Each structure stands twice: as C-alpha cells, then as structure tokens.
Amino acid sequence: MSEFLLLHDNDHDGKPAVIRKGVITSVIESDDYPKGCAIYSIGTDGEYTVLEATETVEEVFKMLNQ
C-alpha cells in the first residue's frame, strides 16, 4: 500500500500532484470546479493547505482505502 496519492491539480491544468495520505484532514466537493474535489491537509507550519484535484470525492476515498 502506498503512502501517497497521485492526483491531478485543477489549478494547474490537470498536472500531476502527489500528496501524502497521512496529512489529509478532509476531502470535500470543490466550490471552484464543477468536477473535482478540494483536499485539505496540515502543513509542517501548522497552516491548512488545499489541493483542488480533478478527481471526485468518491475516487479519492477509494484511493485512500486501498
């Protein structure tokens, strides 16, 4: 099982983005993109960061549970 998810960044024309599974705090539908989700995590500085992924919430949850 991988510790990372390979996703695609909506903010950068679907370019690949890697995020560590262990830092994801929530996955919700995106307000900015009709297809995709917003992934929230905690960075090393304690602030929340977000990735606007092209994958749906359901797709990300399937990846997290593999």
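Below: a short report on this structure. (Residues numbered from 1 in each chain as written. Predicted model: local features only at pLDDT ≥ 70, side-chain atom pairs only at ≥ 80, totals over all residues. Heavy atoms only, no water.)

1. Considerations on a negative patch on the surface
Worth spelling out the cut-off: Here, patches come from residues exposed beyond 30% relative accessible area and free of salt bridges, joined within 9 Å for like charges and within 5 Å for nonpolar side chains (Val, Leu, Ile, Met, Phe, Trp, Tyr). Per-residue accessibility takes into account occlusion by the displayed protein chains alone, with areas from the Shrake-Rupley method and a 1.4 Å probe. Definition used for salt bridges: Asp or Glu carboxyl oxygen within 4 Å of a side-chain nitrogen of Lys or Arg. Charge convention: Lys and Arg are scored as positive, Asp and Glu as negative, and His as well as the terminal groups of each chain are ignored. A charge is said to be at NZ when it belongs to Lys, at CZ for Arg, at CG for Asp and at CD for Glu. Helical segments are the DSSP runs of H or I of at least four residues, strand segments are the runs of E of at least two, and each set is numbered from the N terminus. Only protein chains enter the area calculation, which uses a 1.4 Å probe; residues under 20% of their type maximum are buried, those over 50% are exposed, and those in between are partly exposed.
The grouping of Asp11, Glu29, Asp31, Asp32, Glu58 and Glu59 at the surface amounts to a negative patch. Inspection of the secondary structure puts Glu58 in helix H1 (residues 57–64). By relative accessible area, Glu58 is classed as exposed at 53%.

2. Considering the environment of Glu59
Note the following rule: A 3.5 Å cut-off defines polar contacts: any pair of N or O atoms within that distance qualifies, except that in protein one atom must be a possible hydrogen donor and the other a possible acceptor, and neighbouring residues in sequence count only when both atoms are side-chain atoms.
Locating Glu59 in the fold gives a position in helix H1. Glu59 sits in the partly exposed class, given a relative accessible area of 39%. Spatially, the C-alpha atoms of Glu59 and Cys37 are 9.6 Å apart, while their sequence positions differ by 22 residues. Polar contacts involving the side chain of Glu59 include one to the main-chain amide nitrogen of Thr56, which spans 2.8 Å.

3. Section: the pattern of salt bridges
Under the counting rule described, the total for this entry stands at one salt bridge. The residue Glu3 makes a salt bridge to Arg20 at a minimum N-O spacing of 2.9 Å. Here Glu3, found in the segment before strand S1 (4–9), pairs with Arg20, found in strand S2 (residues 15–20); they are 17 residues apart in sequence, far enough to count as distant. Of the residues examined, Arg20 reaches a relative accessible area of 38% and is grouped as partly exposed.

4. Things to note about the nonpolar core
Operational definition: Working definition of a nonpolar core: buried Ala, Val, Leu, Ile, Met, Phe, Trp, Tyr and Cys residues. They are joined through side-chain atoms within 4.5 Å. Whether two residues touch is decided by their heavy atoms; if any such pair falls within 4.5 Å, the residues are in contact.
The biggest cluster of nonpolar side chains holds 12 residues, and these are Leu5, Leu7, Ala17, Ile19, Ile24, Val27, Cys37, Ile39, Leu51, Ala53, Val57 and Val60. Secondary structure elements with two or more residues in this core: S1, S2, strand S3 (24–29), strand S4 (37–42), strand S5 (48–53) and H1. Those residues in contact with Val27 that lie beyond four places of it in its chain are Cys37, Ala38, Ile39, Val57, Val60 and Phe61.

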